[in-house]
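Chain by chain, the residues run as shown.
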Amino acid sequence: MGDARDAMTNAAIDSLTSFRQSVLTIQQPGLLAPACLRLFPLFILALLKQKAFRTGTSTRLDDRLFAMCQLKYQPLVYSMLMIHPALYRVDDLTDEGALNINERTIPQPRVLQLSVEKLSREAAFLMDAGTLER
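A.B. asks: Please clarify how the overall build of the protein should be interpreted in this entry.
C.D. replies: The helix and strand inventory of the protein stands at four helices and five strands. Helices and strands appear in the protein in the N-to-C order α-α-α-α-β-β-β-β-β. At 19 Å, the protein has a C-alpha radius of gyration far larger than the 14 Å of a compact globule built from 134 residues. In terms of overall dimensions, the protein has C-alpha extents of about 55 × 45 × 30 Å along its principal axes. Across the 134 residues of the protein, 22% fall into the buried class.

So, in structure tokens, the structure goes:
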């Protein structure tokens, strides 16, 4: 388990280091990454917190194996929802982007950035994490 965790961490470090060494000619302070790699460390961190890769004795072997099989065999869309859930605000639905089915308009909520700044006590939200685990 430790080797898999180290491999994921090293993949993020190696990809960002390679970008910095091959593309950037001027050494600038801070972490610079192309748009396609900006969220890669965040996704690695979220993946390390999943039951499949969590360390410690709090995760049962059956739960760990089930989570590993889910990550391996699910379609990518559902695996990504497990790693980075989608957040929807459902109390202010509008007809913008609505579906028209059988002459009925079905409003669709916008996907919000998964951030605490988007939350408020006066609103209702739905978080789609892909699957229901008990």
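What follows picks up the thread again.
A.B. asks: What am I meant to see in the pattern of salt bridges here?
C.D. replies: A side chain with one charge can pair with a side chain of the opposite charge if their charged atoms come near. On inspection of all chains with the given rule, the structure shows three salt bridges. Across the pair Arg89 and Asp92 runs a salt bridge, and its minimum N-O distance is 3.9 Å. What makes Arg89 partly exposed here is its relative accessible area of 29%. Residues participating in the shared-partner salt-bridge network are Arg89, Asp91 and Asp92.

A.B. asks: Sorry if this is basic, but what is going on with the sheet that holds strand S5 (residues 125-128) here?
C.D. replies: Sheets are built from strands that pair by backbone hydrogen bonding, the pairs being arranged parallel or antiparallel. Taken in spatial order, the three strands of this open sheet run S4-S1-S5, and their pairing is antiparallel. Looking at strand neighbours, the two that pair on one side only are strand S4 (111-112) and S5, the edges of this open sheet. Here strand S1 (residues 86-89) runs beside S4; their pairing, made up of two bridges, is antiparallel. Each residue of the ladder has a partner; that of Tyr88, found in S4, is Val111.

A.B. asks: I would appreciate a short explanation of the nonpolar core in the present structure.
C.D. replies: In globular proteins that are soluble, nonpolar side chains generally tend to be buried together. Within the largest apolar cluster, 12 residues are counted, these being Met8, Ala12, Ile44, Ala46, Leu47, Leu48, Ala52, Phe53, Ala67, Leu71, Met82 and Ile83. The element contributing the most residues to this core is helix H2 (residues 40-48), with four residues. Setting aside residues no more than four positions away along its own chain, Ala67 makes contact with Lys51 and Ala52.

A.B. asks: Can you help me understand unusual backbone geometry in this one?
C.D. replies: Across residues other than glycine, the phi torsion is negative in most instances, and most of the peptide bonds are trans. The backbone of Asn102 shows a phi angle near 50°, a positive value even though the residue is not glycine. With respect to the helices and strands, the residue Asn102 is situated in the loop between strand S2 (99-101) and strand S3 (104-106). A relative accessible area of 70% means that Asn102 is categorised as exposed. Unlike most non-glycine residues, Glu103 shows phi in positive territory, near 60°. Looking at Glu103, the relative accessible area reads 84%, which means it is exposed.

A.B. asks: Which parts of the structure should I look at to understand helix H4 (residues 76-83)?
C.D. replies: In an α-helix, one full turn covers 3.6 residues, which means residues spaced three or four apart are oriented alike. Those residues of H4 not exposed but buried are Ser79, Leu81, Met82 and Ile83. Contacts made by the buried residues of H4 are with H2, helix H3 (61-73), S1 and S5.

A.B. asks: For this particular structure, what's the right way to read the environment of Gln21?
C.D. replies: By the element assignment, Gln21 lies in helix H1 (residues 2-23). Considered as a pair, Gln21 and Ser120 are 99 residues apart in the sequence and their alpha carbons are 42 Å apart.

Rules used in this analysis
Residues numbered from 1 in each chain as written. Predicted model: local features only at pLDDT ≥ 70, side-chain atom pairs only at ≥ 80, totals over all residues. Heavy atoms only, no water. Helix = DSSP H or I, 4+ residues; strand = E, 2+ residues; numbered from the N terminus. Rg over C-alpha atoms; globule rule 2.2 N^0.38 Å. Buried < 20%, exposed > 50% of the residue type's maximum accessible area, 1.4 Å probe, protein only. Salt bridge = Lys/Arg side-chain N within 4 Å of Asp/Glu carboxyl O. Pairing = 2+ DSSP bridges. Core = buried A, V, L, I, M, F, W, Y, C linked by side-chain atoms within 4.5 Å. Contact = heavy atoms within 4.5 Å.

Functional significance is not addressed by these values, which are geometric in nature.
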